[in-house]
Each structure stands twice: as structure tokens, then as C-alpha cells.
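Geometric and topological summary
Letter by letter, the chains look like this.
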Amino acid sequence: NIWKDITVDEELKNIQLIEQNLIIEQELVNDIKNKRYTKALKAALSIDHSFKVLNILTSILIDSNESIESIDYTNPSIYLLSNNITNSTDSNSNNYINDRLDKHLRDLTINEINKIVIYIKEWNSTSK
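A brief structural summary. It should be emphasised that the depicted structure is a prediction, and the values quoted were computed from it without experimental measurement. (Residues numbered from 1 in each chain as written. Predicted model: local features only at pLDDT ≥ 70, side-chain atom pairs only at ≥ 80, totals over all residues. Heavy atoms only, no water.)

**Looking at the overall build of the chain**
Each helix and strand counted, the chain has six helices and zero strands in total. Reading the helices (α) and strands (β) of the chain from amino to carboxyl end gives α-α-α-α-α-α. Every one of the 128 residues in the chain was classed for burial, and the buried ones make up 29%. Counted over contacts in the chain with a minimum sequence separation of 6, partners at least 24 positions apart contribute 50%. For the chain, the exposed surface amounts to about 9,000 Å²; the carbon and sulfur share of it is 53%. (Helix = DSSP H or I, 4+ residues; strand = E, 2+ residues; numbered from the N terminus. Buried < 20%, exposed > 50% of the residue type's maximum accessible area, 1.4 Å probe, protein only. Contact = heavy atoms within 4.5 Å. Areas by Shrake-Rupley, 256 points an atom, 1.4 Å probe, with all protein chains shown as cover.)

Here you go:
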């Protein structure tokens with residue numbers, strides 16, 4: 001034979017990839033629910049879920065007592081603007097943002113940070 005049929009092998013690889021992604025997505029849901037945002041960010045980035053990354057970053061910036069489910073996901077920046085977090089020139093507010101983000105972003109790799117920057121560009125160019 002000149003060629004080998006690898007259809008079954010390819011299907012098995014695809015099934016394994018789907019199963020692996022399902023496990024990651026379940027862990028992601030659990031991490032968000034339990035406010036393990038750094039781990040959730042890494043998981044969302046690994047499976048290219050940019051909207052989940054946006055939701056996680058928004059959750060990092062909101063009151064730590066408020067759950068992620070209470071965010072208006074149609075436009076999470078409205079929540080931030082309504083609380084004068086992103087509009088403020090007050091150094092205390094800026095320190096708040098820096099401290100909250102630094103805590104979760106410092107453990108990310110350069111590639112993960114770059115991916116977030118790419119997502120931010122996409123979010124800004126496709127905003128309503």
C-alpha cells in the first residue's frame with residue numbers, strides 16, 4: 001500500500017481534544033464560581049475564549065463580595081463606568097485597578113498577556 005488510512009486516528013485525536021476542552025471548560029466554570037481568577041484566566045486563554053477573559057477581568061475589578069453572575073455581560077464596562085472606576089483620575093481608584101489586576105496578571109506568561117492585549121484590541125474595535 002502506498003497510503004495508510006488515518007481517518008480513525010484523526011477521529012480519535014479530535015475526540016480527545018473535545019474531551020480535553022470540555023474538562024478545561026468545566027474547570028473554568030468552577031474557577032470563576034470560586035473566584036480563582038488567575039487560574040480561570042489561564043484556562044480561558046488556553047481555549048481561546050475571549051469573552052470569558054473579558055468577564056473574568058471585569059469580575060476582578062468589581063466588588064469582591066459581588067459574584068460574577070450579577071454582571072451585565074451585554075456591556076460589562078457599563079458597570080465599571082457607573083462606579084467611576086475607569087473614569088476616575090483619582091490615584092486611589094487607579095491604585096485599586098492596578099492592585100486588583102496585578103494580583104491576577106503577574107503569574108501569566110508573556111504569551112498570555114499578549115493574547116489579552118489582542119483580545120482588548122478586538123473588543124475595542126467591535127464594541128457596540
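There's plenty left to go through after this.
**Thoughts on the pattern of salt bridges**
A full pass over the atoms with the stated rule returns three salt bridges. We note a salt bridge from R36 to D31, for which the minimum N-O separation is 2.7 Å. R36 gets classed as partly exposed once you look at its relative accessible area, which sits at 39%. Notably, a salt bridge pairs E112 with K42, separated by 3.0 Å at the nearest N-O pair. With E112 in helix α6 (residues 110-125) and K42 in helix α2 (residues 37-46), this pair connects stretches of sequence that are 70 residues apart. Since its relative accessible area comes to 16%, E112 is described here as buried. (Salt bridge = Lys/Arg side-chain N within 4 Å of Asp/Glu carboxyl O.)

**Here's the deal with the packing of helix α3 (residues 50-61) against α6**
Contact geometry for α3 and α6: axes closest at 10 Å, N-to-C directions at 95°. On the basis of their axis angle, the class for α3 and α6 is roughly perpendicular. Along its contact with α3, which presents S50, V53, L54 and L57, the element α6 presents I116, Y119 and W123. Tallied by class, residues from the contact of α3 with α6 come to six nonpolar, one polar and no charged. (Axes fitted to C-alpha atoms, helices over the stretch in contact; angles between N-to-C directions. Parallel < 35°, antiparallel > 145°, perpendicular 65-115°, else oblique. Nonpolar A, V, L, I, M, F, W, Y, C, P; charged D, E, K, R; others polar.)

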